[in-house]
There are 2 protein chains.
Amino acid sequence: VRRIPVLQIGFGGVGRALVEQVLHFNERLGGQYGFRFAYTGLADSQGAIVADERIPPAVLLQALATKQAGGSLVDVPEGGPLNDWRNLLTPSPCLLIDTTAQSGVEDALVAAVEQGHRLVLANKKPLAASYDTFRVLTTGARTRYEATVGAGLPVISTLRSLLDTGDSIQRIEGCFSGTLGFLTHQLEQGVLFSDAVRDARQRGWTEPDPRDDLSGVDVARKALILARTSGFQFELSDVTVESLYPPTLVDLSVAQFMDQLPVLDDHYRTHYVSAADQAQTLRYVAHVTATNLNVGLATVAIDSPVGSLRGPDNLVVYHTERYAHCPLSVRGPGAGTEVTASGVLSDMIAFAREWLSR
Amino acid sequence: VRRIPVLQIGFGGVGRALVEQVLHFNERLGGQYGFRFAYTGLADSQGAIVADERIPPAVLLQALATKQAGGSLVDVPEGGPLNDWRNLLTPSPCLLIDTTAQSGVEDALVAAVEQGHRLVLANKKPLAASYDTFRVLTTGARTRYEATVGAGLPVISTLRSLLDTGDSIQRIEGCFSGTLGFLTHQLEQGVLFSDAVRDARQRGWTEPDPRDDLSGVDVARKALILARTSGFQFELSDVTVESLYPPTLVDLSVAQFMDQLPVLDDHYRTHYVSAADQAQTLRYVAHVTATNLNVGLATVAIDSPVGSLRGPDNLVVYHTERYAHCPLSVRGPGAGTEVTASGVLSDMIAFAREWLSR
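(A) View of the environment of Ser243(B). Residue and element names in this part refer to chain B. One can find Ser 243 in the loop between β9 (240-241) and α11 (254-260). Ser 243 sits 27 residues away from Gly 216 along the chain, and the two C-alpha atoms are 5.6 Å apart. Beyond its immediate sequence surroundings of up to four residues, Ser 243 is in contact with Leu 214 and Ser 215. Within polar-contact distance, the side chain of Ser 243 engages the backbone oxygen of Tyr 245 at 3.0 Å.

(B) Layout of the interface of chain A and chain B. Opposite the 39 residues of chain A that make contact, chain B presents 39 residues. When the two sides are added together, the surface that chain A and chain B hide from each other amounts to roughly 3200 Å², 52% of it contributed by carbon and sulfur. On the chain A side of the interface with chain B, the three residues burying the most area are Asp164(A), Tyr323(A) and Arg353(A), jointly 19% of the side's total. Across the chain A-chain B interface, the total number found is four salt bridges. A salt bridge links Arg322(A) to Glu338(B); the shortest N-O distance between them is 3.3 Å.

(C) Region of interest: unusual backbone geometry. All names here are of chain B. Of note in the backbone geometry, Ala 151 takes a positive phi value of approximately 55° without being a glycine. Residue placement: Ala 151 occurs in the loop between β7 (143-144) and α6 (156-164). Notably, Ala 279 is not glycine yet its phi reads approximately 55°, a positive angle. Looking at the secondary structure, you find Ala 279 in the loop between α12 (265-276) and β10 (280-288).

(D) A look at the sheet that holds strand β1 (residues 2-9) of chain B. Taken together, seven strands build an open sheet; the order of strands is β4-β3-β2-β1-β5-β6-β7 (chain B) and the sheet is mixed. This sheet does not close on itself; its edge strands, each paired only once, are β4 (80-81) and β7 of chain B.

Rules used throughout
- Numbers given to residues run from 1 along each chain, matching the order in which its sequence is written.
- All chains are assigned letters beginning with A, and all ligands numbers beginning with 1, in the order in which they are written.
- Thresholds applied to this predicted model are a pLDDT of at least 70 for local features of residues and 80 or more for the giving and counting of side-chain atom pairs; totals over whole chains, interfaces and linings are not thresholded and use all residues.
- To obtain the side-chain values, all non-hydrogen atoms of the structure were used and water was disregarded.
- For helices the rule is a DSSP run of H or I covering at least 4 residues; for strands it is a run of E covering at least 2, with both sets numbered from the N terminus onward.
- We call two residues in contact whenever any of their non-hydrogen atoms come within 4.5 Å of each other.
- The definition of a polar contact used here is a pair of N or O atoms within 3.5 Å, where within protein one atom must be able to donate a hydrogen and the other to accept one, and adjacent residues in sequence count solely through side-chain atom pairs.
- Note on terms: buried area is the combined drop in 1.4 Å-probe accessible area of two parts once they are placed together, counting the loss on both.
- Each reported salt bridge corresponds to a side-chain nitrogen of Lys or Arg within 4 Å of a carboxyl oxygen of Asp or Glu.
- Should DSSP find at least two bridges between two strands, the strands are regarded as paired.

Structure representation (structure tokens):
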């Protein structure tokens with residue numbers, strides 16, 4: 001049974017779910033598949049655990065418990081402070097996993113793949129940096145990133161397989177945000193916009209500052225990743241993005257913003273009611289073509305695929321040369337720590353299988 | 001650029017589309033991906049073309065033209081008669097592709113994978129033979145079979161990835177037949193059953209004997225493949241299958257059967273009308289659980305996911321431990337030579353990438 005060395009940066013909700021799934025995979029399928037993942041490094045924003053061969057499962061379990069209790073990896077007996085995760089890269093190729101949401105690490109990630117490491121991203125930001133960075137990271141299939149769009153749903157792998165087999169993308173559209181799916185579905189249930197945002201925030205379905213979701217930029221990043229994977233050269237600044245709050249609320253603190261939210265209630269109530277009068281509803285929709293990228297609030301027929309979405313469901317619809325008359329579509333919950341981690345693990349398994357016979 | 005040796009048996013609609021897609025892949029992506037597929041053998045039911053290194057593209061193009069014109073591979077100047085495709089297997093491992101619909105080749109395929117060859121199936125029958133055959137073929141991931149369910153839709157890869165990452169299947173359901181999807185949708189449009197079958201047959205969407213589709217056995221095989229992949233041990237005889245024609249029509253010739261079809265029109269008209277009275281419609285639906293496998297005509301709400309299918313669309317809905325509240329689903333056309341071939345090619349690429357570093 002071969003050992004596949006793994007360095008994971010990020011130990012939040014997704015990172016912890018991933019460590020649990022990896023331990024489970026090693027125990028249950030490793031023997032049958034002929035490989036097990038061996039953590040040589042695990043880092044959060046403050047600390048890290050490092051091992052020459054592998055961090056023992058018992059230490060990983062202790063790290064999970066420490067973090068769950070509000071600590072950091074620096075607090076685990078085997079852990080230590082972290083200056084720079086780049087120092088944790090092994091000389092021989094490893095799987096480098098980024099489950100953070102950090103920006104500005106693009107250059108370090110590019111350097112790592114150019115040294116021969118393989119990269120798995122749950123972090124969208126490196127792929128939404130400059131087009132050139134995207135191209136360098138993804139050339140030669142040395143980066144996989146299933147979890148960046150639709151979490152565990154087979155969104156990127158489906159697109160990859162269409163392209164590999166010679167199909168070409170005419171249009172990709174759908175709803176790529178579980179948070180905004182929940183909000184628009186709540187409007188449909190008669191819930192006030194401000195109450196829906198508050199509810200989503202309390203469930204942990206928004207970022208700590210809900211404007212990070214309501215601005216649409218997160219959806220814009222996902223649309224950009226799908227476009228670039230399709231071979232369309234766009235920058236993030238090329239995406240037309242509709243924000244769900246006005247510029248007047250940009251400079252407020254989070255608490256002030258939450259207090260001010262009810263000023264938007266009438267606007268969204270009126271918008272929804274006039275849509276409902278024509279058997280339509282509101283959804284936050286993304287459109288990707290070779291010439292145009294836009295994301296925003298759209299009025300859609302209530303019995304359309306997008307209109308029929310419930311709660312945090314995502315939908316990705318591929319209109320291609322082969323699937324021209326009837327599109328191919330993938331649907332399901334597109335957020336959550338467990339399913340996001342499963343998207344990452346599935347990429348790790350694909351890399352490991354390619355490495356097996358080295 | 002590495003050569004991946006390929007032996008393909010079957011040169012009908014899917015087989016020809018596959019050869020075209022492989023030639024296109026080699027030319028367009030081979031350099032970038034670091035490998036090209038090299039046909040060492042290509043066989044239809046009467047003849048074969050064989051090469052030590054690779055069959056040149058020009059010969060493959062000629063074979064396509066000959067077959068299109070109604071000939072066989074025995075008629076191509078480079079071709080010859082075929083006694084047994086097993087004689088075409090190379091001593092070193094190759095990708096063995098079965099695009100036929102033949103039964104009874106299970107033992108030969110098992111022998112091939114045990115010799116180290118890798119198998120890609122568009123042919124459902126070997127995987128719907130005994131459970132033991134399925135287990136031996138698929139152990140160690142030496143057989144891939146995306147095209148057997150839903151043609152080019154990511155049905156098997158999605159299931160595989162759910163299982164690999166530690167999810168477990170509670171229930172899979174949906175519509176797995178483009179032909180029966182078309183028929184039931186036609187009933188909904190007010191078309192007579194007999195006219196709908198005749199129309200589908202003329203479009204080439206049924207088998208030459210439409211009873212092969214109407215019996216439900218083809219759907220039963222797909223349900224069985226999904227069940228077995230999920231880890232549920234069933235035999236084909238365990239599937240409860242509802243046929244769309246009565247036993248009295250079993251022994252007729254195809255021409256007689258087509259003549260007799262109108263005797264069923266009233267039955268299906270009445271059935272549909274009583275469903276429509278309650279905002280329901282008819283669909284040929286499959287259900288897979290750990291304890292039960294059944295396929296048959298069901299009355300479903302017209303605004304349900306299954307009820308909203310149009311024409312030859314397939315739908316596969318995965319209810320799993322992780323996707324328990326909102327299921328994951330894949331939808332799109334599940335038949336056609338081009339999309340079926342693309343499912344096969346996608347499996348071939350996955351195998352090739354795993355082989356690259358050998």
